[in-house]
Amino acid sequence: MKKALLIIGGLFLALLIAVGIYAWYLYDSVADTAENINEGEDRQSNLRDADVDMDTSEPISILLMGVDSEESTSGRTDTMIVATINPETESTKMVSIPRDTYTEIIGRGTQDKITHAYAFGGADMAMNTVENFLNVPIDYYATINFKGFEDIVDAVGGVTVENDFEFSDNGHDFPEGEIELDGEEALTYVRMRKEDPQGDLGRNERQRQVIEAVANKSRSVTSITRIDDYLDVVENNVRTNMTFDDMKDLRSNYYGARKDIENINFENGQDRTIDGIYYMEQDPAEVDEISNELRNHLELEDGEEAPAE
């Protein structure tokens, strides 16, 4: 399914709006915002033999994380999406990793839910854990907290979506059909999964609905006041290791990858209970299949690690 932005998934529209705004109006203001949300320089993965070069449009990967917290620097990750972007093939692949996935937490020496990696060791531990789980290099990350998701929806004046079935959650009612949502309602809408017969798959689809609706509305907003609102939301709620130059390269060299966006889901996981705690154990064959698909998209060999520098 074609989408309007380079990356659509999870809770990360705010970061990409900042990139888009750079091309519209306020270079200095956006540069300041980009500096304030940056938490470090580019990262060289152990699965690569050298840093990726966005100036020459090498395929890249980004770990997108929605943080279950009022802060972007703490809490568990409610959403983890690995996006691989190949500008030569003008395509993007996005893999949603179920939050209860049972795997090794790299740097901690334990097996646990993958969602706990960020809570234990921040973005570095989350990236290392996802790399180990998928055998795919992670070049960049971006996080946004739930407050930021609410604020970005409110910043565009709310959104309209088509709801597939009636449900109620967290004090809000969502009738079937076309509905209008403010920020708080939109967050409840995208987080609900217990009443969804598709579970995480259904929740992922509702996330994409809301994000696409925000993207469509944001393109029609041109007032400087509203742009300032966007930048405030980004600065208060988004964190990334991308520099301003990286964001400019993303906009100029990778924008064509929006033409073909493929969403990939884990579908063969098995429920598992250990010491009374629920986990999801992923099928190793499916993990290998998804890993090889992403590695090929990054122009790496199937199942082989790139030599370390």
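Residues numbered from 1 in each chain as written. Predicted model: local features only at pLDDT ≥ 70, side-chain atom pairs only at ≥ 80, totals over all residues. Heavy atoms only, no water.

1. Topic: the overall build of the chain
Phase 1 of the analysis: If you tally the helices and strands in the chain, you get nine helices and 14 strands.
Phase 2 of the analysis: Looking at the chain as a whole, 56% of its 309 residues qualify as buried.
Phase 3 of the analysis: Partitioning the contacts of the chain with sequence separation of at least 6, the portion at a separation of at least 24 is 68%.
Phase 4 of the analysis: A total of about 13,500 Å² of accessible surface is found on the chain, and carbon and sulfur atoms cover 39% of it. (Helix = DSSP H or I, 4+ residues; strand = E, 2+ residues; numbered from the N terminus. Buried < 20%, exposed > 50% of the residue type's maximum accessible area, 1.4 Å probe, protein only. Contact = heavy atoms within 4.5 Å. Areas by Shrake-Rupley, 256 points an atom, 1.4 Å probe, with all protein chains shown as cover.)

2. Looking at the confidence of the model for the chain
Phase 1 of the analysis: The predicted model of the chain has a mean per-residue pLDDT of 81, with 83% of residues at 70 or higher.
Phase 2 of the analysis: In this model residues 1–11 is a low-confidence stretch, pLDDT under 50, and it forms 43 contacts with partners more than four residues away in sequence or in other chains.
Phase 3 of the analysis: Counted against residues more than four places away or in other chains, residues 304–309, with its pLDDT under 50, gives 18 contacts. (pLDDT = per-residue confidence, 0-100.)

3. What to know about the pattern of salt bridges
Phase 1 of the analysis: In the structure shown here, the tally under the stated rule is seven salt bridges.
Phase 2 of the analysis: Two residues, Lys93 and Glu262, come together in a salt bridge whose shortest N-O distance is 2.6 Å. Linking Lys93 in strand β3 (residues 91–96) with Glu262 in strand β12 (residues 261–265), this pair joins segments that are 169 residues apart in sequence.
Phase 3 of the analysis: A salt bridge links Asp100 to Lys113, with the nearest nitrogen and oxygen atoms 3.4 Å apart. Residue Asp100 is located in the loop between β3 and β4 (102–105), and its partner Lys113 is located in strand β5 (residues 110–113); the two are separated by 13 residues in the primary sequence. A single burial state applies to Asp100 and to Lys113, both of which are buried.
Phase 4 of the analysis: Bridged by salt links that share partners, the residues Lys93, Glu262 and Glu293 form one connected network. (Salt bridge = Lys/Arg side-chain N within 4 Å of Asp/Glu carboxyl O.)

4. Describing the side chain of His297
Phase 1 of the analysis: Tracing the sequence through the fold places His297 in helix α9 (residues 284–297).
Phase 2 of the analysis: Judged by relative accessible area, His297 falls into the buried class, the value being 7%.
Phase 3 of the analysis: Only 2.8 Å separates the side chain of His297 from the side chain of Thr84, close enough to count as a polar contact.
Phase 4 of the analysis: The contacts of His297, once residues within four sequence positions are left out, are Pro59, Thr84, Ile85, Asn86, Thr89, Ser91, Thr92 and Lys93. (Polar contact = N/O pair within 3.5 Å; in protein donor to acceptor, adjacent residues only side chain to side chain.)

5. Some remarks on the packing of helix α4 (residues 146–155) against helix α5 (residues 183–191)
Phase 1 of the analysis: The N-to-C vectors of α4 and α5 enclose an angle of 125°; their axes lie 7 Å apart at closest approach. Taken together, the axes of α4 and α5 are oblique relative to one another. The interaxial crossing formed by α4 with α5 has right-handed handedness. Contact residues: α4 offers Phe146, Phe149, Glu150, Val153 and Asp154, while α5 offers Gly183, Glu184, Ala186, Leu187, Val190 and Arg191.
Phase 2 of the analysis: Broken down by class, the residue content of the contact of α4 with α5 amounts to six nonpolar, one polar and four charged. (Axes fitted to C-alpha atoms, helices over the stretch in contact; angles between N-to-C directions. Parallel < 35°, antiparallel > 145°, perpendicular 65-115°, else oblique. Left-handed = near helix turned anticlockwise from the far one by under 90°. Nonpolar A, V, L, I, M, F, W, Y, C, P; charged D, E, K, R; others polar.)

6. Focus: the sheet that holds strand β1 (residues 60–68)
Phase 1 of the analysis: Read from one edge of the open sheet, six strands run β11-β6-β1-β2-β3-β12, paired in mixed fashion. Bordering the open sheet on either side are β11 (238–240) and β12, each of which pairs with just one other strand. Here the average twist between neighbouring strands, direction ignored, is 20°.
Phase 2 of the analysis: Note: β1 against strand β2 (residues 76–86), nine bridges, orientation antiparallel. Considered in β2, the bridge of Asp68 is made with Arg76. (Pairing = 2+ DSSP bridges.)

7. Considerations on the nonpolar core
Nonpolar side chains in soluble globular proteins generally cluster together in the buried interior.
Phase 1 of the analysis: Leu63, Ile97, Val130 and Leu134 are the most contacted members of the largest nonpolar core, which totals 28 residues.
Phase 2 of the analysis: Sorting the residues of this core by element identifies β1, β2, α3 (116–134) and α9 as the ones contributing at least two each.
Phase 3 of the analysis: The leading source of residues in this core is α3, at nine residues.
Phase 4 of the analysis: When near neighbours in sequence (up to four residues on either side) are disregarded, Ile97 contacts Met80, Val82, Ile114, Val130, Phe133, Leu134 and Phe266.
Phase 5 of the analysis: Judged by nonpolar contacts, the second largest core, of 26 residues, contains Ala34, Val52, Leu250 and Tyr254. (Core = buried A, V, L, I, M, F, W, Y, C linked by side-chain atoms within 4.5 Å.)

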